[in-house]
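Here's the letter readout for the chains.
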Amino acid sequence: MPRSRHPRRLTLTAAAKVNLALEILGKRPDGYHELATVFQAVDLADRLVLEDADELTMTTTSGELPIDGSNLALRAAAALREAAKVDRGVRLHLDKRIPVAAGLGGGSTDAAAVLLGLDRLWNLRWPRRRLAEIARTLGMDVPYFLAGGAAVGRGRGEEVTKAAGMPLALVLVNPGRPLDTAAVYGRVTPAMYSGGDMTERMVDALRTRRTTKVASSLYNGLEAAAAAMCPELQRMKAALHAAGALGTLMSGSGPTVFGVARSFEQARQIRARLSRASWSCWAVRSVSGPAVRMRAA
Ligand code: C5P
């Protein structure tokens, strides 16, 4: 679609992420934690439809999400409208596939999709850097989703640089209940801090393109804090190992955990072995390109 034409309706897919490494480096004066993390987009995705309208309104397939101004996708639209001084609105429909408050960045990827979609729908043509400034006011994962692929996050997670990615097959397991990000961070103690070496190790592992090296380099400094709130974490990890995963890790602040498989075929086998439990499971592939994709529709 030529950049000069701006459509009245867009369909977008917004991919989830996992954190292949996540280190807490320390506590910041602003109350947040200083992070070093490796993000990787995966092909479990929400779908959004954006339609030009006078007001900002939304509908969703999810029974768990508010559809008022507290929804992160609508907040993204309101923030961009204000910053760009646009007098248009949007009718937003969100088909939710990524579990909510799961450590997979579901709300953040939707917010990034809204920013990128409205930039097109409202014909703003903002540079990515300017969209990233709005993105970081919405959540620390949102700037990452403007890019996607494999990337390193520093600062509060919002300072994003691209990393060399490789094809990965993963199995995601979610216990079916949310975990509050702020509550997990609230349980972090200095004993859980580390120096950033594990993040470097994961970046190197991805560069070697060896699945076994990636599997043996997984690290998440929030796991112990989350496990204290969600005892099922260890059971999900043990089940993934027993089903053949090469390595397992909690994603983000949890409670979703993932296992690394040798191939997508093996990921599907592992998923099938786990499907008897009450957990939700997905076999997914890493996404090397943008986390948000759009087409006029
Ligand atoms: O980035 P987001 O708004 O999703 O973060 C939710 C909460 O997680 C924050 O309010 C904060 O309590 C915690 N957090 C943190 N350090 C970070 C990122 C998030 O303490 N780097």
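Keep in mind that what you see is a predicted model, and the values were worked out from it rather than measured. (Residues numbered from 1 in each chain as written. Predicted model: local features only at pLDDT ≥ 70, side-chain atom pairs only at ≥ 80, totals over all residues. Heavy atoms only, no water.)

**Here's the deal with the packing of aromatic side chains**
One pass over the full model with this rule turns up 2 aromatic pairs. Taking the centre distance of 4.4 Å and the plane angle of 15° together, the rings of F39 and Y144 count as stacked. Separated by 105 residues along the polypeptide, F39 in strand β2 (residues 33–53) and Y144 in helix α4 (residues 142–147) bring together distant segments of the chain. You'll find F39 and Y144 in the same group, each marked buried. An aromatic cluster is defined as three or more aromatic residues linked by ring pairs; in this entry it consists of F39, Y144 and F145. (Phe/Tyr/Trp six-rings, centres within 6.5 Å; stacked < 30°, edge-to-face > 60°. Helix = DSSP H or I, 4+ residues; strand = E, 2+ residues; numbered from the N terminus. Buried < 20%, exposed > 50% of the residue type's maximum accessible area, 1.4 Å probe, protein only.)

**Observations regarding the domain arrangement of the protein**
By domain assignment, the protein separates into domain 1 (9–162) and domain 2 (169–285). Look at where the C-alpha atoms of domain 1 and domain 2 centre, and you get two points 22 Å apart. Together domain 1 and domain 2 conceal approximately 2,500 Å² of surface at their shared face, both sides included; 62% is due to carbon and sulfur atoms. Ranking the residues of domain 1 by area buried against domain 2 places L20, E23 and I24 at the top, with a combined share of 25%. Summed over the shared surface of domain 1 and domain 2, the number is 1 salt bridge. Across the pair E200 and R154 runs a salt bridge whose closest N-O atoms are separated by 2.8 Å. Where domain 1 meets domain 2, there are 17 residue pairs in polar contact (both at pLDDT 80 or more). Put simply, the parts of the chain that give the side of domain 1 that touches domain 2 at least two residues each are β1 (9–27), β2 and β5 (150–155). Within the side of domain 1 that touches domain 2, the residues separate by chemical class into 18 nonpolar, 5 polar and 6 charged. (Domains from an automatic or database assignment. Buried area = accessible area lost by both parts, 1.4 Å probe. Salt bridge = Lys/Arg side-chain N within 4 Å of Asp/Glu carboxyl O. Polar contact = N/O pair within 3.5 Å; in protein donor to acceptor, adjacent residues only side chain to side chain. Nonpolar A, V, L, I, M, F, W, Y, C, P; charged D, E, K, R; others polar.)

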